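Single-letter residue listing:
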Amino acid sequence: VYLAGSSDDPSYPVAPGALAYQGGLWDAYMMRFRYAPGNPLQDATRDWVTYYGGTDRERFTELRVSNNNSRLYAVGWTTSEDVIKLPNVDPMDATYFQASLSGTTDGVFAAFDPLLGTLQRAFYFGGNGVDLIAAIEEDVNGRIFLAGTTSTSTGGYNACNATVNSLPLCDPAT
């Protein structure tokens, strides 16, 4: 069982290799719980905790385990100009990469190892307005679809034209 949200509490014990609290007004977080035999309401044990954030506000709005169970996708939004991106620079491989906050609020997309809680990929997703990612879905071919709200009045972040149907993504607005 996975739980996500946002918190201003830096005291959750993070897993080895997971992200620590970044010190913002609040950071997004995820927890994984494993159930021991017996009554799951009494025997739940926390498997890991990881934070994701910058120096302002972040919130995860939805989690989804990939079809092949290799990734735990987290989507939401941020107002921070310094959230963790992975990779930190554009991989220049025709995949979507947004290096910085483009508006007052941008969507965030992150992929984690579902067993360890370690970050595998993360980036901003937005334009010049307020952009919030509220939902994520994966089809049978492994293509990722994002849904949310936007007040952005410009096109996509870059001229990406991805030739792959896997993570990382390409901006569908281009």
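Residues numbered from 1 in each chain as written. Predicted model: local features only at pLDDT ≥ 70, side-chain atom pairs only at ≥ 80, totals over all residues. Heavy atoms only, no water.

J.: Teacher, can you tell me more about the environment of Asp56 here?
T.: The residue Asp56 is located in the loop between strand 3 (44-52) and strand 4 (58-65) in this model. Asp56 sits in the partly exposed class, given a relative accessible area of 22%. The spatial distance from the C-alpha of Asp56 to the C-alpha of Leu25 is 5.1 Å, given a sequence separation of 31 residues. Of note is the side chain of Asp56, whose polar atom sits 2.8 Å from the side chain of Thr79. (Helix = DSSP H or I, 4+ residues; strand = E, 2+ residues; numbered from the N terminus. Buried < 20%, exposed > 50% of the residue type's maximum accessible area, 1.4 Å probe, protein only. Polar contact = N/O pair within 3.5 Å; in protein donor to acceptor, adjacent residues only side chain to side chain.)

J.: Even after reading the chapter, I still don't get the sheet that holds strand 2 (residues 27-35), so can you show me in this structure?
T.: Within a beta sheet, neighbouring strands are joined by backbone hydrogen bonds and run either parallel or antiparallel to one another. Spatially, 3 strands are ordered 1-2-3 in an open sheet, and the strand pairing comes out antiparallel. The sheet is open, and its two borders are formed by strand 1 (2-7) and strand 3, each paired with just one other strand. Across the sheet, the mean angle separating the axes of adjacent strands is 25 degrees when strand polarity is ignored. Strand direction decides the pairing type here: strand 1 and strand 2, joined by 6 bridges, are antiparallel. (Pairing = 2+ DSSP bridges. Axes fitted to C-alpha atoms, helices over the stretch in contact; angles between N-to-C directions.)

J.: For this particular structure, what's the right way to read the nonpolar core?
T.: It is characteristic of soluble globular proteins that their nonpolar side chains tend to be buried jointly. Met30, Tyr52, Phe60, Phe112 and Leu119 are the most contacted members of the largest nonpolar core, which has 18 residues in total. Listed in part, the 10 residues of the second largest apolar core include Tyr73, Phe125, Ile133 and Ile144. (Core = buried A, V, L, I, M, F, W, Y, C linked by side-chain atoms within 4.5 Å.)

J.: How do you make sense of the pattern of salt bridges when you look at a structure like this?
T.: Think of it this way: side chains of opposite charge can pair up when their charged atoms draw near. In the structure shown here, the tally under the stated rule is 6 salt bridges. Close ionic contact of Glu137 with Arg64 constitutes a salt bridge, the shortest N to O distance being 3.1 Å. With Glu137 in strand 8 (residues 131-138) and Arg64 in strand 4, this pair connects stretches of sequence that are 73 residues apart. With a relative accessible area of 43%, Glu137 lands in the partly exposed category. The class for Arg64 is buried, based on a relative accessible area of 17%. Arg64 is the salt-bridge partner of Glu138, the closest N and O atoms lying 3.6 Å from each other. (Salt bridge = Lys/Arg side-chain N within 4 Å of Asp/Glu carboxyl O.)

J.: Which parts of the structure should I look at to understand the environment of Tyr21?
T.: Position of Tyr21 among the secondary structure elements: in the loop between strand 1 and strand 2. On the basis of relative accessibility, which here comes to 19%, the residue Tyr21 falls in the buried class. Between the C-alpha atoms of Tyr21 and Asp9, which are 12 residues apart in sequence, the distance is 8.1 Å. Contacts of Tyr21, omitting those with residues within four sequence positions, involve Ser7, Asp8, Asp9, Pro10, Trp26, Asp27 and Tyr51. (Contact = heavy atoms within 4.5 Å.)

J.: Where do I start with the sheet that holds strand 7 (residues 119-125) in this structure?
T.: As summarised here, the arrangement of the 4 strands in space is 4-5-6-7, forming an open sheet in which the pairing is antiparallel. The open sheet terminates on both sides in strands that have one partner only, identified here as strand 4 and strand 7. In this sheet, neighbouring strand axes are inclined to one another by 20 degrees on average, regardless of whether the strands run parallel or antiparallel. Bridge count for strand 5 (residues 72-78) against strand 6 (residues 106-112) is 7 bridges, and the pairing is antiparallel. When the sheet's bridge partners are listed, Ala74 is paired in strand 6 with Ala110.

J.: Just to check I follow, could you spell out the packing of aromatic side chains for this structure?
T.: For any two aromatic rings, the description comes down to two numbers: the centre-to-centre distance and the angle of the planes. One pass over the full model with this rule turns up 9 aromatic pairs. Relative to Tyr29, the ring of Tyr12 lies with its centre 5.5 Å away and its plane at 50 degrees, an arrangement referred to as tilted. On the criterion of sequence distance, the pair formed by Tyr12 in the loop between strand 1 and strand 2 and Tyr29 in strand 2 is long-range, its members being 17 residues apart. With a centroid separation of 5.3 Å and an interplanar angle of 75 degrees, the aromatic rings of Tyr21 and Tyr51 are classed as edge-to-face. Residue Tyr21 is found in the loop between strand 1 and strand 2, and its partner Tyr51 is found in strand 3; the two are separated by 30 residues along the sequence. Among the aromatic residues, those joined into a ring-pair cluster are Tyr12, Tyr21, Tyr29 and Tyr51. (Phe/Tyr/Trp six-rings, centres within 6.5 Å; stacked < 30°, edge-to-face > 60°.)

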